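# Secondary and tertiary structure notes
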Amino acid sequence: MLIFTEEEIREYVKINKESIDEIEAAFTDLKTKDVQMPPIMRVDIPEYNGEVDIKSAFIPGYEMFALKVSSGFFNNYQLGLPSTGGLMFLINALNGQPEALLYDNGYLTDVRTAAAGAVAAKYMANEQIETVGVIGAGAQARYQLIALKEVREYKHVLVAGKSKRRLQEFKEEMESTLKVSVTILETPQEVAEQSDLVITATPSSEPILQNSWVKNGLHITAMGADAQHKNEIDPNILKRANYYVADVMSQCEILGELRSALEKGVVTKDHPVMELGDITSRAEKIRTSKDDITIVDLTGTGAQDTRIALYAYKKLTEEK
């Protein structure tokens, strides 16, 4: 069995058009192939503000599939540690033997999640974007902005979060990396009201984005609600939006923003829902007006994990 380290993986796998195309293909696979993707297995560790997920999917046409263990411990910044961790196994689909261990420490999950946000923005956001708002200043907030730059040009970033130190580090890193201006604001409301696209990247269990702050034309990438106790956006935004898009509806009904809206009775089971694969398989943009409000609800799929793991394996074995 081959073993690859985080350092090696980071050297060969980047957030770029190639990796974003891989994740777009993963969503299309979910619509065009008989993908075997079991429900997520999850362990919560509430006393340490932590969680561990296990995800997997077999995509017909490939000789290997991924089994991923991913952790999120959201107090780790207090310890000087990253909030995410984990690894991926690649298993031979012909005989069940392990072929490779990708000890990425959560990096590939960050890449594929950011790529999913970019895929959604490509098909859902307005073409012209000046200002992007970010609520949260962790790793995924950074990666989402980097991936978004591959599909939309923007000049300004507004950010709000809890830690002044992390916000300042975020500002310095993003200004240097993306060559955009970054302004730290006091509240999520200020961020939302002044942005053309908003990214929510927190582990919040209460809405941090309110309906009254959302202006016409806004696209929202909501990627923090990936557990039954999480909720980043006011459920009324789902009811108001012109288009609500789930990565996988069955997951979003249990884990995502859709879950909160259903539980509160803001929307019902017959509320119109598209899946991201519905859009990518047709390669058609869904926005009909610059004033449309659009939301993508990203809970993370095993199909994404298999595609990014296979992509990483190919890069590591062919180019190394």
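Conventions and cut-offs
- Residues numbered from 1 in each chain as written.
- Predicted model: local features only at pLDDT ≥ 70, side-chain atom pairs only at ≥ 80, totals over all residues.
- Heavy atoms only, no water.
- Pairing = 2+ DSSP bridges.
- Helix = DSSP H or I, 4+ residues; strand = E, 2+ residues; numbered from the N terminus.
- Axes fitted to C-alpha atoms, helices over the stretch in contact; angles between N-to-C directions.
- Contact = heavy atoms within 4.5 Å.
- Phe/Tyr/Trp six-rings, centres within 6.5 Å; stacked < 30°, edge-to-face > 60°.
- Buried < 20%, exposed > 50% of the residue type's maximum accessible area, 1.4 Å probe, protein only.
- Lys NZ or Arg CZ within 6 Å of the ring centre and 35° of its normal.
- Core = buried A, V, L, I, M, F, W, Y, C linked by side-chain atoms within 4.5 Å.
- Left-handed = near helix turned anticlockwise from the far one by under 90°.
- Salt bridge = Lys/Arg side-chain N within 4 Å of Asp/Glu carboxyl O.

### Overview of the pairing of strand 2 (residues 41-45)
Strand direction decides the pairing type here: strand 2 and strand 3 (residues 50-57), joined by five bridges, are antiparallel. For Val43, the partnering residue across the bridge sits in strand 3 and is Val52.

### Topic: the sheet that holds strand 3
Read from one edge to the other, the open sheet built from six strands follows the order 1-6-5-4-3-2, with strand pairing classed as mixed. Each edge of the sheet is formed by a strand with only one pairing partner; in this case those strands are strand 1 (2-4) and strand 2. Strand after strand, the sheet turns through a mean of 10° between neighbouring axes, direction not considered. Where strand 1 meets strand 6 (residues 98-102), three bridges bridge the pair, whose relative direction is parallel. Directly across from Ile3, in strand 6, lies its bridge partner Leu101. Relative to strand 4 (residues 64-73), helix 11 (residues 302-319) is tilted by about 110°, and along the sheet it contacts strand 1, strand 3, strand 4, strand 5 (84-92) and strand 6.

### Re the sheet that holds strand 12 (residues 243-246)
Note: strands within a sheet are paired through backbone hydrogen bonds, in either parallel or antiparallel orientation. Reading across the sheet, the eight strands line up as 9-8-7-10-11-14-12-13 and stay open at both edges, with parallel pairing between neighbours. Where the open sheet ends on each side, the last strands, each with one partner, are strand 9 (181-184) and strand 13 (274-275). Two strands pair when backbone bridges link them, and strand 7 (residues 131-135) and strand 10 (residues 197-200) are joined in this way by four bridges, in the parallel orientation. The residue bridging Val134 from the neighbouring strand is Ile199, located in strand 10. Along the sheet, helix 4 (residues 139-148) makes contact with strand 7, strand 8 (156-160), strand 10 and strand 11 (219-222), crossing strand 7 at roughly 160°.

### Examining the packing of aromatic side chains
A full pass over the atoms with the stated rule returns three aromatic pairs. Measuring from centroid to centroid gives 6.5 Å for Phe4 and Tyr313, while their planes differ by 85°, and the two rings are edge-to-face. Of the two residues, Phe4 sits in strand 1 while Tyr313 sits in helix 11, which places them 309 residues apart along the sequence. Summarising the aromatic geometry, the rings of Phe58 and Phe65 are spaced 6.3 Å apart at their centres and angled 80° between planes, so their arrangement reads as edge-to-face. Take Phe58: its relative accessible area is 27%, and that puts it in the partly exposed class. Note that Lys149 overlies the ring of Tyr154, its terminal NZ or CZ placed 4.7 Å from the centroid.

### Focus: the nonpolar core
A general tendency of soluble globular proteins is for nonpolar side chains to be buried together. With 63 residues, the main nonpolar core has Leu90, Leu102, Leu108, Val132, Leu145, Tyr154 and Phe170 as its most contacted residues. Not counting the four nearest positions on each side in its chain, Leu90 is found in contact with Met64, Phe65, Ala66, Gln97, Pro98, Glu99, Ala100, Leu102, Ala309, Leu310 and Tyr313.

### What to know about the packing of helix 3 (residues 107-124) against helix 11
The axes of two packed helices give the description: the angle between them and the distance between them. For the pair helix 3 and helix 11, interaxial distance at closest approach is 10 Å and the crossing angle is 115°. For helix 3 against helix 11, the interelement crossing comes out right-handed. Between helix 3 and helix 11, the contacting residues are Leu108, Thr109, Val111, Arg112, Thr113 and Ala116 on the first element and Gln304, Asp305, Ile308 and Ala312 on the second.

### Thoughts on the environment of Val159
With respect to the helices and strands, Val159 occurs in strand 8. Separated by 23 residues in sequence, Val159 and Gly136 have C-alpha atoms that sit 7.1 Å apart. Every residue in contact with Val159, bar those within four places of it in the chain, is listed here: Val134, Gly136, Leu167, Phe170, Val182, Thr183, Ile184, Leu185 and Val191.

### Some thoughts on the pattern of salt bridges
Throughout the structure, instances matching the rule amount to 25 salt bridges. The salt bridge involving Glu51 is made with Arg42; its shortest N-O contact spans 2.5 Å. Taking relative accessible area as the criterion, Glu51 reaches 6% and is therefore assigned buried. Asp196 is the salt-bridge partner of Lys215, the closest N and O atoms lying 3.7 Å from each other. Taken together, the residues Lys215 in the loop between strand 10 and strand 11 and Asp196 in the loop between helix 6 (188-193) and strand 10 connect sequence positions 19 residues apart. Lys215 gets classed as partly exposed once you look at its relative accessible area, which sits at 31%. Residue Asp196 is classed as partly exposed on the basis of its relative accessible area, which comes to 24%.

### A short note on helix 4
Extensive coverage of helix 4 is indicated by the burial of eight of its 10 residues. Among the residues of helix 4, those classed as buried are Gln140, Ala141, Arg142, Tyr143, Gln144, Leu145, Ala147 and Leu148.

### Points about the environment of Ile184
Secondary-structure assignment places Ile184 in strand 9. Placed 17 residues apart in sequence, Ile184 and Leu167 show a C-alpha to C-alpha distance of 6.9 Å.

### Some details on the pairing of strand 14 (residues 294-297)
By the alternation rule, side chains of strand 14 split into Thr294 and Val296 and Ile295 and Asp297, which are all buried. Sheet topology places strand 11 next to strand 14; four bridges connect them, and they run parallel. Along strand 14, the bridge assignment pairs Thr221 with Val296. Of the pairings in the sheet, the one linking strand 12 to strand 14 comprises four bridges and is parallel in character. Bridge assignment links Tyr243 to a residue of strand 14, and that residue is Thr294.

Don't take any of this as a statement about function, it's just geometry.
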